[in-house]
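The residues making up each chain are set out below.
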Amino acid sequence: MVSLEKKINYTFKDKDFLRTALSHRSWIYEQEESFESNERFEFLGDAVLELIIREHLLNKFPNAVEGILNDYKKNLVNRKILAKKGKKLGLGKFILLSQAEESTGGRSKTSIISDCYEALIGAIYLDGGYEKVKEFIESFHLSDENRIIKSVEYENYKGQLLEFIQQNSSLKPCYFIEKEKGPEHQKHFVASVKVGDIIIGTGEGSTKKEAEQEAAQKALTSKRTIKKALTTEG
């Protein structure tokens, strides 16, 4: 944990905050003692990260309209970038996991790494306050922001699909989860997106949001299919 503190350039006054940030719920289930998983810290860290990024973008782009700022923000808090940042810190080797989760490659899973990264942000905020966590986010998370906010990799495919459909129809895409597979701490989702009663794309992911984004991405690869569905339903 000392090596992790060096990487984030922050030393915790209360080491329990750091331990909690690294405690995955699968590990908690195996312990005889009562420990808290990192889920509550993740909930806080998500909000702290978004607040600081919103503030940063307002100051950096004083003339940008709300829609542009929102697109930039979405790219910077995308689960893929959170996982990449977490992997850059080497969070995988520090996370406390169950043996079962570790045996299935849990230390490299996007969902687990990104959740832990947000939990770490929440822990820094609780231990050091707003200014300390802001220093970490500005120096580490935003170190390559110009590349990230322009990157196609983190595009909001659901937003693009909605925009395309609304340019051609008054209909809206509807997402639904077809399947949920795996244990509670290791879920895998299959999602589809429909226009009316016609499925135009299907995707998978470790979260519902990831599955829906992939479904939208798949739909966008065949705009002819979308237009055909719009014509049929219209």
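S.K.: In this structure, what is going on with the pattern of salt bridges? I would like to understand it.
M.R.: Side chains that carry opposite charge are capable of pairing whenever their charged atoms lie near each other. Using the criterion set out here, one finds 17 salt bridges in the structure. The partner of Glu-5 in a salt bridge is Lys-15, with the nearest N and O atoms 2.6 Å apart. Of this pair, Glu-5 sits in helix H1 (residues 2-8) while Lys-15 sits in helix H2 (residues 15-21); the two residues are ten residues apart in sequence, bridging distant segments of the chain. Of the residues examined, Glu-5 reaches a relative accessible area of 8% and is grouped as buried. With a shortest N-O distance of 3.7 Å, Lys-134 and Glu-55 are connected by a salt bridge.

S.K.: Got a minute to help me understand the nonpolar core in this structure?
M.R.: One broad trend across soluble globular proteins is that nonpolar side chains are buried collectively. Formed by 41 residues in total, the largest nonpolar core has its most connected members in Ile-8, Leu-89 and Phe-136. Those elements that provide at least two residues to this core are H1, H2, helix H4 (39-60), helix H5 (66-76), helix H6 (79-88), helix H8 (110-128), helix H9 (130-141) and helix H10 (145-149). Among the elements that line this core, the one with the most residues is H8, at nine residues. Setting aside chain neighbours within four positions, we find Phe-136 in contact with Ile-8, Leu-89, Tyr-117, Ile-121, Ile-124 and His-141. In terms of nonpolar packing, the next biggest core, distinct from the first, is built from 15 residues, Val-195, Ile-200, Ile-226 and Leu-230 among them.

S.K.: So what exactly am I meant to see when it comes to the layout of surface pockets here?
M.R.: Empty pockets left among the atoms are what a rolling probe the size of a water molecule brings to light. The volume enclosed by the largest pocket comes to roughly 1,300 Å³. Lining the largest pocket are 45 residues; nearest its centre among them are Asn-78, Arg-79, Thr-207, Lys-209 and Glu-210. Elements that contribute at least two residues to the lining of the largest pocket include exactly H4, H5, H6, H8, helix H11 (157-168), strand S3 (198-205) and helix H12 (208-220). With seven residues, the single largest contributor to the lining of the largest pocket is H12. The residue makeup of the lining of the largest pocket, split by class, is seven nonpolar, 14 polar and 24 charged.

S.K.: Can you help me understand H9 in this one?
M.R.: Given 3.6 residues per helical turn, the α-helix brings residues three or four places apart onto the same face. Of the positions making up H9, those classed as buried are Val-133, Lys-134, Phe-136, Ile-137, Phe-140 and His-141. Down the axis of H9, the sector holding all buried residues measures 160°, keeping them to one side. Exposed residues pointing more than 90 degrees away from the buried face of H9 are listed as Glu-131 and Ser-139. As for H9, its buried residues are in contact with H1, H4, H5, H6 and H8.

S.K.: Whenever I open this one, the packing of H4 against H9 confuses me. Can you help?
M.R.: Helix packing geometry: the angle between the two helix axes and the distance between the axes. Close contact between H4 and H9 brings their axes to 10 Å; oriented N to C, the two are set at 70°. Between H4 and H9, the interaxial angle falls into the category roughly perpendicular. Between H4 and H9 lies a crossing whose hand is right-handed. Note on element contacts: H9 touches H4 through Tyr-130, Val-133, Lys-134, Ile-137, Glu-138 and His-141, opposite Val-48, Leu-49, Leu-51, Ile-52, Ile-53, Glu-55 and His-56. Residue classes in the contact of H4 with H9 are distributed as eight nonpolar, two polar and three charged.

S.K.: I tried to follow the packing of aromatic side chains on my own but got confused; where do I start?
M.R.: The way to describe two aromatic rings as a pair is by their centre distance and the angle between their planes. Enumeration over the complete set of coordinates arrives at six aromatic pairs. Between Tyr-10 and Phe-12, the aromatic rings sit 5.1 Å apart at their centres with planes inclined by 85°, giving edge-to-face as the arrangement. Residues Phe-61 and Tyr-72 carry aromatic rings whose centres are separated by 5.1 Å and whose planes lie at 55° to one another, so their mutual orientation is tilted. Here Tyr-72 lies in helix H5 and Phe-61 lies in the loop between H4 and H5, a separation of eleven residues in the sequence.

S.K.: Where do I start with H4 in this structure?
M.R.: Over its 22 residues, H4 runs 31 Å from end to end, which matches the ideal 32 Å to within 8%, given 1.5 Å per residue. Those residues of H4 that fall on the buried side of the exposure criterion are Phe-41, Glu-42, Gly-45, Val-48, Leu-49, Ile-52, Ile-53, His-56 and Leu-57. When H4 is viewed along its axis, its buried side chains cluster within an angular range of 160° and face the same direction. In H4, the exposed residues that point more than 90 degrees away from the buried face are Arg-40, Phe-43 and Leu-58. In this fold, the buried residues of H4 make contact with H2, H5, H6, H8, H9 and H10.

Rules used throughout
- Residues numbered from 1 in each chain as written.
- Predicted model: local features only at pLDDT ≥ 70, side-chain atom pairs only at ≥ 80, totals over all residues.
- Heavy atoms only, no water.
- Salt bridge = Lys/Arg side-chain N within 4 Å of Asp/Glu carboxyl O.
- Helix = DSSP H or I, 4+ residues; strand = E, 2+ residues; numbered from the N terminus.
- Buried < 20%, exposed > 50% of the residue type's maximum accessible area, 1.4 Å probe, protein only.
- Core = buried A, V, L, I, M, F, W, Y, C linked by side-chain atoms within 4.5 Å.
- Contact = heavy atoms within 4.5 Å.
- 1 Å grid on protein atoms, 1.4 Å probe; cavity = no way out; pocket = protein on both sides within 12 Å on 5 of 7 lines; lining within 4 Å.
- Points joined across faces, edges and corners; volume = space filled by probe spheres on them.
- Nonpolar A, V, L, I, M, F, W, Y, C, P; charged D, E, K, R; others polar.
- Arc of directions from axis to C-beta.
- Axes fitted to C-alpha atoms, helices over the stretch in contact; angles between N-to-C directions.
- Parallel < 35°, antiparallel > 145°, perpendicular 65-115°, else oblique.
- Left-handed = near helix turned anticlockwise from the far one by under 90°.
- Phe/Tyr/Trp six-rings, centres within 6.5 Å; stacked < 30°, edge-to-face > 60°.
- Expected span 1.5 Å × (residues − 1).

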